[in-house]
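Single-letter residue listing:
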Amino acid sequence: MPRILSHVGLRPLLFVLLLLAALAVHGTSHATDAAPKEGILLVAFGTSVPEAQPAFKAVDAEFKKAFPGSPVVWAYTSQIIRKKLAEQGHPVGGISDGMAQLAKDGVKVVRVQSLHVLAGEEFTALERAVLLDVSKNPGRFEAVFMGRPLLESKPDAQELLAAILADTKGQRNKNTALVLMGHGQSHGRADLAFEGVRSVFKTADKNIHMATVEGARSFEDLLKELKAAKVKHVVIAPLMLVAGDHARNDLAGDEDDSWATQLKKAGIKVDTHIKGLGETPGTAAILVRHAKESTDDLTKEPKKP
Ligand code: CO
């Protein structure tokens, strides 16, 4: 008898609860009617070096702060790194995985943000991958905005330099040069863009010297410049989003062919600043600005001038 009573007693309560739930769902769907749900896809080459993670974490935090309530999804373009991370039990998807995740989250407007330093080969591949994904899934999103890489304009370079100078200030006096290692590439336009950045940096501080690990401007070019300027003391730092393998080994490693070893061999005192740009205060703000400012909707025809 008591069992039947409680059964009967629960039913109206359940009904009220269901009604309330339905009203709540109706309420939120109304709220999203006004502005389509926005989501962020952050795209980087990727890293499997654990010490490089703080840079990505800092960027992630800045985006979540700038886009409250919007899902922030990551995609790594490097298949080798994705495979490695999956084997370690920390899988990160590629671009189409990220787009599918955002669709699943109910996102209607995607803001893809490149975390590349310069618009080189990898950025071109990113644009192509997003376009392919859009064409394979027509109508999935209302808009897919493409945010340009970190250094896209002269003001970007000036803003980044201010951040780097502030962050390395404590390690330099007027006789300490700053040596920056960019990535560069064997072919493509990033090397040319790098020369533009180098010019902006050098105009602001002639005690900055730059070269690339894989690009046209080599360590030999750098050493020649340092010798001509009679530099005796340098702070070396990566001009890369994360301080991964290149920063820790090619730049600051103990191997004979690292920049640090070769600089010391040339009689130059070397201090290190092994920190990715992502964790340099002020840098992620440039990326957020690019994400917010983008009007380049890849689902539509380019705007006619
Ligand atoms: Co590389």
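Visitor: Can you tell me about the overall build of the protein, naming the residues and giving the values?
Guide: Scanning the protein from N- to C-terminus turns up 11 helices and 8 strands. Classification of the 305 residues of the protein by burial places 45% in the buried group. Nonlocal contacts in the protein, meaning residues at least 24 apart in sequence, comprise 76% of its contacts between residues at least 6 apart. Counting every atom, the protein has about 16,400 Å² of accessible surface; 59% of that belongs to carbon and sulfur.

Visitor: An account of the nonpolar core is needed here, citing residue identities and associated values.
Guide: Counting 43 residues, the largest nonpolar core has F63, W74, L160, F201 and L239 as the members making the most contacts within it. Per-element accounting of this core gives the leading share, 5 residues, to helix α11 (residues 283-293). Inspection of this core shows a minimum of three residues originating in each of domain 1 (38-150 + 282-293) and domain 2 (154-278). Excluding residues within four positions of it along the chain, F63 makes contact with I40, L42, V72, Q113, L287, V288 and A291. One finds A75, V110, V130 and M146 within the second-largest nonpolar core, a separate group that totals 19 residues.

Visitor: Account for helix α8 (residues 219-228), naming residues and giving values.
Guide: Count 3.6 residues to each turn of an α-helix, and residues three or four apart come out pointing the same way. Within the span of α8, buried status applies to F219, L222, L223, E225 and L226. For α8, the arc enclosing every buried residue in end-on projection is 160 degrees, short of the 170-degree limit, so these residues lie on one face. The exposed set on the far side of α8, more than 90 degrees from its buried face, consists of E220, K224, K227 and A228. At the exit of α8 stands K230, carrying a positive phi of roughly 55 degrees.

Visitor: Talk me through the coordination of the cobalt ion; I want residue IDs and the actual numbers.
Guide: For a metal with four tetrahedral donors the ideal donor-metal-donor angle is 109.5 degrees, whereas six octahedral donors ideally subtend 90 or 180 degrees. Donor atoms from the polypeptide that bind the cobalt ion are H183 (NE2), E214 (OE) and H246 (NE2), placed at 2.0 to 2.8 Å. If you list the donors of the cobalt ion from N- to C-terminus, the spacing comes out as H-x30-E-x31-H. Separated by 31 residues along the polypeptide, H183 in the loop between β5 (177-182) and α7 (190-204) and E214 in the loop between β6 (208-212) and α8 bring together distant segments of the chain. On the accessibility criterion, H183 (30% relative accessible area) is partly exposed. Under the relative-accessibility criterion, E214 is labelled partly exposed at 41%.

Visitor: So what's going on with the environment of G94? Residues and values would help.
Guide: Here G94 lies in the loop between α3 (79-87) and α4 (95-104). In this view, G94 contacts A75, Y76 and R82; residues no more than four positions away in its chain are not counted.

Visitor: Run through the sheet that holds strand β2 (residues 72-76), naming residues and quoting values.
Guide: Taking strand neighbours across the sheet as the criterion, the 4 strands line up as β2-β1-β3-β4 in an open arrangement whose pairing is parallel. One side of each edge strand has no neighbouring strand; the edge strands of this open sheet are β2 and β4 (143-147). Averaged over neighbouring strand pairs, the angle between their axes works out to 20 degrees when direction is ignored. Strand contacts of helix α5 (residues 121-136): β1 (38-44), β3 (109-114) and β4, with the helix running at about 180 degrees to β4, the strand carrying the most contacts.

Visitor: Before we move on, could you go through the sheet that holds strand β8 (residues 269-272) and cite the residues and values that matter?
Guide: If you trace the 4 strands from one edge of the open sheet to the other, you get β6-β5-β7-β8, paired in parallel fashion. In this open sheet, the two strands that pair with only one neighbour each are β6 and β8. On average, each strand axis in the sheet is tilted by 25 degrees relative to the strand beside it, whichever way the strands run. With 4 bridges connecting them, strand β7 (residues 233-238) and β8 associate as parallel partners. Residue I236 lies in a different strand from β8, and its bridge partner there is T272. Across the face of the sheet, α8 comes into contact with β5, β6 and β7 while running at roughly 165 degrees to β6.

Visitor: Describe the packing of α4 against α5, and please don't skip the residues or the numbers.
Guide: For the pair α4 and α5, interaxial distance at closest approach is 9 Å and the crossing angle is 45 degrees. In terms of axis orientation, α4 runs oblique to α5. Helix-helix and strand crossings are classified by hand; for α4 and α5 the assignment is right-handed. Of the residues in α5, those touching α4 at I95, S96 and M99 are L126, A129, V130, D133 and V134. Its residues assigned to classes, the contact of α4 with α5 comprises 6 nonpolar, 1 polar and 1 charged.

Visitor: For the pairing of β1, give the residues involved together with the corresponding values.
Guide: With 6 of 7 residues buried, β1 lies mostly within the body of the structure. Pairing analysis gives 6 bridges linking β1 to β3, with the strands arranged parallel. Directly across from I40, in β3, lies its bridge partner R111. Sheet topology places β1 next to β2; 5 bridges connect them, and they run parallel.

Visitor: Which residues make up the packing of aromatic side chains, and what are the values?
Guide: All told, the structure shown has 5 aromatic pairs when counted by the stated rule. Here the aromatic rings of F56 and W74 are separated by 4.9 Å at their centres, their planes lie at 50 degrees, and the arrangement is tilted. Here F56 is found in helix α2 (residues 53-66), whereas its partner W74 is found in strand β2, with 18 residues between them in sequence. Across this residue pair, the class does not change: F56 and W74 are buried. When the centroid spacing of 5.6 Å and the interplanar angle of 40 degrees are considered together, the rings of F56 and Y76 count as tilted. Pair noted here: F56 is in helix α2 and Y76 is in strand β2, with a separation of 20 residues, a long-range link. Put simply, the rings of F56, W74 and Y76 pair up and form one aromatic cluster. Residue placement shows K292 over the ring face of F67; its charged tip is 5.4 Å from the ring centre.

Reading guide: rules and limits
Residues numbered from 1 in each chain as written. Predicted model: local features only at pLDDT ≥ 70, side-chain atom pairs only at ≥ 80, totals over all residues. Heavy atoms only, no water. Helix = DSSP H or I, 4+ residues; strand = E, 2+ residues; numbered from the N terminus. Buried < 20%, exposed > 50% of the residue type's maximum accessible area, 1.4 Å probe, protein only. Contact = heavy atoms within 4.5 Å. Areas by Shrake-Rupley, 256 points an atom, 1.4 Å probe, with all protein chains shown as cover. Core = buried A, V, L, I, M, F, W, Y, C linked by side-chain atoms within 4.5 Å. Domains from an automatic or database assignment. Arc of directions from axis to C-beta. Donors = N, O, S within 2.8 Å, 3.2 Å for Na, K, Ca; no water. Pairing = 2+ DSSP bridges. Axes fitted to C-alpha atoms, helices over the stretch in contact; angles between N-to-C directions. Parallel < 35°, antiparallel > 145°, perpendicular 65-115°, else oblique. Left-handed = near helix turned anticlockwise from the far one by under 90°. Nonpolar A, V, L, I, M, F, W, Y, C, P; charged D, E, K, R; others polar. Phe/Tyr/Trp six-rings, centres within 6.5 Å; stacked < 30°, edge-to-face > 60°. Lys NZ or Arg CZ within 6 Å of the ring centre and 35° of its normal.

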